[in-house]
Every structure is written in structure tokens, then in C-alpha cells.
Amino acid sequence: MSETIDEKLKNYRTAPFDARFPNTNQTRNCYQNYLDYHRCNKALAAKDQDQTPCQWYMRVYKSLCPMSWVAKWDDQMEDGSFPGKI
Amino acid sequence: MALPSQLGFQDAGSPLMEELLHFHDHALMVVFLISTMVLYIIVAMVTAKLTDKLVLDSQEIEIIWTVLPAIILILIALPSLRILYLMDEINDPHLTIKALGHQWYWSYEYTDYEDLGFDSYMIPTHDLTPGQFRLLEADHRMVIPTESPARVLISAEDVLHSWAVPALGIKADAVPGRLNQTTFIVNRPGVFYGQCSEICGANHSFMPIVVEAIPLEHFENWTSLMSEET
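As the structure is a prediction and not an experimental result, all values here were calculated from the model. (Residues numbered from 1 in each chain as written. Chains lettered and ligands numbered in written order. Predicted model: local features only at pLDDT ≥ 70, side-chain atom pairs only at ≥ 80, totals over all residues. Heavy atoms only, no water.)

Chemist: Please explain a positive patch on the surface as it appears in this structure.
Modeler: Residue and element names in this part refer to chain A. Residues Arg28, Arg39, Lys42 and Lys85 make up a contiguous surface patch of positive charge. Mapping Lys85 onto the fold places it in the segment after α4 (67-79). Residue classification places Lys85 among the exposed residues on the basis of a relative accessible area of 68%. (Patch = residues over 30% accessible without salt bridge, like charges linked within 9 Å, V, L, I, M, F, W, Y side chains within 5 Å. Areas by Shrake-Rupley, 256 points an atom, 1.4 Å probe, with all protein chains shown as cover. Salt bridge = Lys/Arg side-chain N within 4 Å of Asp/Glu carboxyl O. Lys, Arg positive; Asp, Glu negative; His and termini not counted. Charge placed at Lys NZ, Arg CZ, Asp CG, Glu CD. Helix = DSSP H or I, 4+ residues; strand = E, 2+ residues; numbered from the N terminus. Buried < 20%, exposed > 50% of the residue type's maximum accessible area, 1.4 Å probe, protein only.)

Chemist: What is the right way to look at the packing of helix α2 (residues 27-46) of chain A against helix α3 (residues 55-64) of chain A in this model?
Modeler: What describes two packed helices is the angle between their axes and the distance between those same axes. Residue and element names in this part refer to chain A. Where α2 meets α3, the axes come as close as 8 Å, and the angle between the chain directions of the two elements is 150°. It follows from the interaxial angle that α2 and α3 lie roughly antiparallel. When you trace α2 past α3, the crossing you get is left-handed. In this structure, α2 uses Asn29, Cys30, Asn33, Tyr34, Asp36, Tyr37 and Cys40 to contact α3, whose residues at the interface are Gln55, Tyr57, Met58, Val60, Tyr61 and Leu64. Classifying every residue of the contact of α2 with α3 by side-chain character gives 9 nonpolar, 3 polar and 1 charged. (Axes fitted to C-alpha atoms, helices over the stretch in contact; angles between N-to-C directions. Parallel < 35°, antiparallel > 145°, perpendicular 65-115°, else oblique. Left-handed = near helix turned anticlockwise from the far one by under 90°. Contact = heavy atoms within 4.5 Å. Nonpolar A, V, L, I, M, F, W, Y, C, P; charged D, E, K, R; others polar.)

Chemist: Help me understand the UniProt feature "domain: Cytochrome oxidase subunit II copper A binding" (unreviewed entry) in chain B, please; the structure alone is not making it clear to me.
Modeler: Per the UniProt annotation, the sites labelled "domain: Cytochrome oxidase subunit II copper A binding" (unreviewed entry) are residues 92-225 of chain B. As annotated, residues 92-225 of chain B has a helix share of 7% and a strand share of 43%, and its two end C-alpha atoms lie 27 Å apart. (UniProt positions renumbered as here; feature names shortened; annotations may be inferred.)

Next up, the structure:
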């Protein structure tokens, strides 16, 4: 719990168990981490702070989400047509 | 893998499957004993030459054949619930793999560290080398380290499929737009076969699943090799 974010990122193995999504359906787990990554980037950029802590969310969504989903969402983000609220 | 005219389960490759196997043996033994006893009683009654015309009721036997079945049901329910809860235990996986169903092949993605993904097509019968299994072999296997809790997230890119490996006690539907999680540990090195378990079109029977479990040191060599290849 007292690990710094850098240590956590360095020791990252895979997405840990998330108590918010304890069941078989992990769709929301993947989507939530994708949203959180972009929201974190946006929030920290607005405050002109270092965006390293946001890397955690990126590692998690990369572990969980199929590459085709990520590619599609990234394209939508570029177009400005991503349906989620960032 | 399954053998021709096989009756029982395949040898277990994971602790959960071992539990299921033993439970099945226990429940089936209860079923056989009850069936044998009932069959014996039927034969005995049908072949009996004499009949007692004055038997009306019997409190003792009524009690026995109410209490005894209740006890037997409890003896079946307790191990069953134990396994049910064992399946739901929280485990922290060491790696995450995605298995995506397509018409008509599986693709596997290992994206914990880098974007490694590859397709796994069935080897056609005329391309098999001697010793390989018809309709079960695939060109690229899903490789996994032994003794490591693994999480597999299953989904589909077009229609419904289902990812099943009987020797590991796994079956989960591949639903487009949904990620279904299954976690397991493979306790011995080996090759475990499965087949798509949800009708998905013309080649539904020809998209097998092959899981190869190897020790961790060799797993790391394999991932480097696959990354270079793809």
C-alpha cells in the first residue's frame, strides 16, 4: 500500500483483482480503466502535473482489453467521436 | 485429449478439475448403489411366489426411507457446495491472456508487457504429421506456464463461440462485446485439447483449442520467440 507509483509500475505483472468487478463479466473493468486513463491524463494535464500515475490505468486496460477494442476506441478518440465522457 | 469410446473424464490438468472428477465419482457411486438396490427389490418382488395380503402400513420403514434419502442428499450437497465456493475464490493471477473467437479460428493476445497476438487455426487433416490428432491440432498453441494462476478473458469478434478445455475443467462462452473471465492453474506440463462449444457456422467443429503448459523458464523463451515471429 505504501509503494510509490513508480515501484508499482516497475513490479507490474498483470491487472490485479479488482473488488469492484468480482464476477465473471469483466467488460466494465476493461472499459472503466480505459476511461480512467484518459480522464487522469486530462485532469493532470489541466493542472500541469506529471502524468506518470496515469500509466497504471494504461497497463491495466492493456492487459484486460482486446487489442481490437483499444484500437477502435483510440480511433474514436482521435476523431472526437468516442462515446464515453472524458 | 478424449479417446475413442471413452466413458469417463479426461485426466485432470488443474486442481479444480481434480475436485470435480472426485465429486463425480462420489455422486455416481451413490447413483449406482441406489439403482442396484432398487433393481434388486423390483426383481425380488416380481419373482416372489407368496404375497402378504394383510400388510397395510409400516411406520418403521416409512421413517427409514424418508430419513435415509435426506442424509444421502446432504452427503451429496456438502461436497458440491464446497467445490462451488472453491471456484469463486479470489485469486491474484500472474498473467492475463485474451482468447477471441472468430469464424472459424481463435486468436490469443498476451498484452501484459507488449502487444503479442496471434491466430490459431486448425491443422487440416491432409497436413497432419504422423502422431498428430485429427480435428484437434492447431498451428499455434496457447502457451501457459505451469503452477501459475492464469486469467483468461474470453470474447468473440463476430458470433457466439465457446472456449472449452475439458481436462482443465474450463468452459466459458465467447460473446461479442463482452469479456468473460475464467481463472485456473495448470499443475503439470502437457498439452490439453478442447473444441469450440457453441454453434457458430459451417466450421464450428473445426476450430479447436490447444493449451500447452510449460515450466516458467521456458515460457519466457517462448514469448520472446513469438514476439520476434509476429
